[in-house]
Amino acid sequence: MSAGAKRDPRLDQAAMSDEALLDAHERLVGAQPDEKARYRLLPIGILFVFSGLILFAGTYLNRYTAHYSGVVYNENSKGESSQVEAKPDPLAVGRAAFNQVCITCHQATGQGLPGTYPPLDGSEWVNGAPERVIRIVLYGLNGTVHVEGKQFNATAMPTFGQGVTNSAYNWSDDRIAAVLSYVRQSWSNKSAPITADEVAAIHKQVGDHKPMTEADLEAVK
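Residues numbered from 1 in each chain as written. Predicted model: local features only at pLDDT ≥ 70, side-chain atom pairs only at ≥ 80, totals over all residues. Heavy atoms only, no water.

1. Notes on the overall build of the protein chain
And step 1. A tally of regular secondary structure across the protein chain gives 8 helices and 2 strands.
And step 2. Listing the helices and strands of the protein chain from first to last along the sequence gives α-α-α-α-α-β-β-α-α-α.
And step 3. Of the contacts made within the protein chain by residues no fewer than 6 positions apart, 57% connect residues no fewer than 24 positions apart.
And step 4. Summed over its atoms, the accessible surface of the protein chain is roughly 16,000 Å², and 57% of this surface lies on carbon and sulfur atoms. (Helix = DSSP H or I, 4+ residues; strand = E, 2+ residues; numbered from the N terminus. Contact = heavy atoms within 4.5 Å. Areas by Shrake-Rupley, 256 points an atom, 1.4 Å probe, with all protein chains shown as cover.)

2. Looking at the environment of Gly 112
And step 1. Within the element layout of this structure, Gly 112 appears in the loop between helix 4 (90-106) and helix 5 (130-139).
And step 2. Along the backbone, Gly 112 and Phe 152 are 40 residues apart, and their C-alpha atoms lie at a distance of 10.0 Å.
And step 3. When neighbours within four sequence positions are excluded, Gly 112 is seen to be in contact with Cys 105, His 106, Gln 107, Tyr 117, Pro 118 and Pro 119.

3. Description of a nonpolar patch on the surface
And step 1. The grouping of Ile 46, Val 49, Phe 50 and Leu 53 at the surface amounts to a nonpolar patch, some 400 Å² of accessible area in total.
And step 2. Its location among the elements puts Leu 53 in helix 3 (residues 41-64). (Patch = residues over 30% accessible without salt bridge, like charges linked within 9 Å, V, L, I, M, F, W, Y side chains within 5 Å. Salt bridge = Lys/Arg side-chain N within 4 Å of Asp/Glu carboxyl O.)

Here it is in structure tokens:
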């Protein structure tokens, strides 16, 4: 081929080196922007949403799982709770009843008023047979009464029993048992408590009755 012949540009392009091709490609495409140091808001927002959901789920489980009780999650359970409702302390009930009513006459010390209201502290009636002291509260007491050899002429003690004629307070057998138990274990008294069953038994045995007298109580053996 003569030196004066025209050069074919296609042949020159085919003869380009790899480095020249890469350089030409970069010039055509242009350099891509460097985004490695930039933060995108969408992934961060999703992260916060999932973090909030995890926090909510943990709080919900901690509050409403009932400590993972087997009864709560027992599919065969009929809805009965394994926890038994706590009953109030009888002595606390008795103390409250005494402070509401009995304290007016018998005083906070249980000493009563000389010649008028008999003492409960150390009283042979209080610490004696339950059958007698139960009758006193159930049906009331009328007339003169002697305590530790001293005479007391108070006006009639009111009737407390539920369903008893002229009952001033209509106390249940449980309430009467509670106040008697409190009195029998207060101050210097160390007598055994009285149960609601004992009160109910006397209530059923005697039925309706007028206020007791000292003679009525002494007849109880």
